[in-house]
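Geometric and topological summary
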Amino acid sequence: TLKALQAAVDEAAEPLLTPPSLLPLLRALLDALGEGGGGEPWRSDAFRLLGRVATALGATHLSETHAHLLVQAGVGGLGDLADGGGVHRAAAEMLVALAPAACALGAKVLSWVGDELALLPPPVQQQPAVAAVARAFLAALNNNTDVIDGTKLFNTILRPVMVKMD
């Protein structure tokens, strides 16, 4: 099934890869990964395809829910160092590709990534691919001019809140 989906994406003309056609594919891939289907080659291919789909959706069409599910699936894949680490590397590539679109959704996404990465066992956390994922999300967040820090947010809303309290 994954090969057929991948072939359909490869053969489709770029204008046909629209968000309405990609969202069901995204959901199907996430469901299949959640069920633990496949094996090493299948899971690696699924993560690579997820990276392509997430990039095609971009921040405009990627919901917070989908971003969170992608982060969870990707970090879960980072923990798979078996069979030469193919799944580990593919999951890292997917997360790196996801970073710009996900961080455009807000700083909350970075906290999800940090929380999920912190749950990985220390030997996995020390892998270079995990550091690359963290760097990609931090860089994407730094490039997002719509994200503001807590102090700026507090100063922005302080006056309207004080006026309403009076």
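Definitions and cut-offs
Residues numbered from 1 in each chain as written. Predicted model: local features only at pLDDT ≥ 70, side-chain atom pairs only at ≥ 80, totals over all residues. Heavy atoms only, no water. Helix = DSSP H or I, 4+ residues; strand = E, 2+ residues; numbered from the N terminus. Contact = heavy atoms within 4.5 Å. Areas by Shrake-Rupley, 256 points an atom, 1.4 Å probe, with all protein chains shown as cover. Axes fitted to C-alpha atoms, helices over the stretch in contact; angles between N-to-C directions. Parallel < 35°, antiparallel > 145°, perpendicular 65-115°, else oblique. Nonpolar A, V, L, I, M, F, W, Y, C, P; charged D, E, K, R; others polar. Buried < 20%, exposed > 50% of the residue type's maximum accessible area, 1.4 Å probe, protein only. Core = buried A, V, L, I, M, F, W, Y, C linked by side-chain atoms within 4.5 Å. Salt bridge = Lys/Arg side-chain N within 4 Å of Asp/Glu carboxyl O.

1. Description of the overall build of the protein chain
- A tally of helices and strands in the protein chain yields nine helices and zero strands.
- Along the protein chain, from the amino end to the carboxyl end, the secondary structure elements read α-α-α-α-α-α-α-α-α.
- Here the contacts in the protein chain between residues at least 6 apart in sequence split such that 76% fall between residues at least 24 apart.
- Carbon and sulfur atoms make up 59% of the accessible area of the protein chain, which totals about 9,100 Å².

2. Side note on the packing of helix H5 (residues 86–103) against helix H8 (residues 128–143)
- At a minimum axis distance of 8 Å, the contact between H5 and H8 shows a crossing angle of 5°. With respect to each other, H5 and H8 are oriented roughly parallel. Contacts between H5 and H8 pair His88, Ala92, Leu95, Val96, Leu98, Ala99, Pro100, Ala102 and Cys103 from the former with Ala129, Val130, Ala132, Val133, Ala136, Phe137, Ala140 and Leu141 from the latter.
- Residue composition of the contact of H5 with H8, grouped by class: 16 nonpolar, one polar and no charged.

3. Brief notes about the environment of Arg135
- You can see Arg135 is positioned in helix H8.
- Residue classification places Arg135 among the exposed positions, given a relative accessible area of 54%.
- Between the C-alpha atoms of Arg135 and Ala99, which are 36 residues apart in sequence, the distance is 9.5 Å.

4. Observations concerning the side chain of Ser44
- Tracing the backbone shows Ser44 in helix H3 (residues 40–61).
- On the accessibility criterion, Ser44 (3% relative accessible area) is buried.
- Setting aside anything within four residues of it in sequence, one finds Ser44 in contact with Gly86, Val87 and Ala90.

5. Quick notes on the nonpolar core
- Grouped together as the largest cluster of nonpolar side chains are 46 residues, with contacts concentrated most on Leu26, Phe47, Leu50, Leu70, Leu78, Leu98 and Phe137.
- At the level of secondary structure, the elements contributing two or more residues to this core comprise helix H2 (19–34), H3, helix H4 (64–78), H5, helix H6 (107–118) and H8.
- Looking at this core element by element, the count peaks at 11 residues for H5.
- Ignoring sequence-local partners within four residues, the contact set of Phe137 consists of Val71, Leu95, Leu98, Ala99, Ala102, Cys103, Val109, Leu110 and Val113.

6. Here we look at the side chain of His66
- Positionally, His66 belongs in helix H4.
- On the accessibility criterion, His66 (10% relative accessible area) is buried.
- When near neighbours in sequence (up to four residues on either side) are disregarded, His66 contacts Leu23, Leu26 and Arg27.

7. Remarks on the pattern of salt bridges
- Scanning the model with the defined rule gives two salt bridges in all.
- Between Arg48 and Asp45 there is a salt bridge, with the nearest N and O atoms lying 3.6 Å from each other. Here the residue Arg48 and the residue Asp45 both occupy positions in helix H3, the gap between them amounting to three residues, near one helical turn.
- The exposure class assigned to Arg48 is partly exposed, which follows from its relative accessible area of 37%.
- According to the relative accessible area criterion, Asp45 is buried, its value standing at 17%.
- A salt bridge links Glu93 to Arg48, with the shortest nitrogen-to-oxygen separation between them at 3.8 Å. Pair noted here: Glu93 is in helix H5 and Arg48 is in helix H3, with a separation of 45 residues, a long-range link.
- By relative accessible area, Glu93 is classed as partly exposed at 45%.

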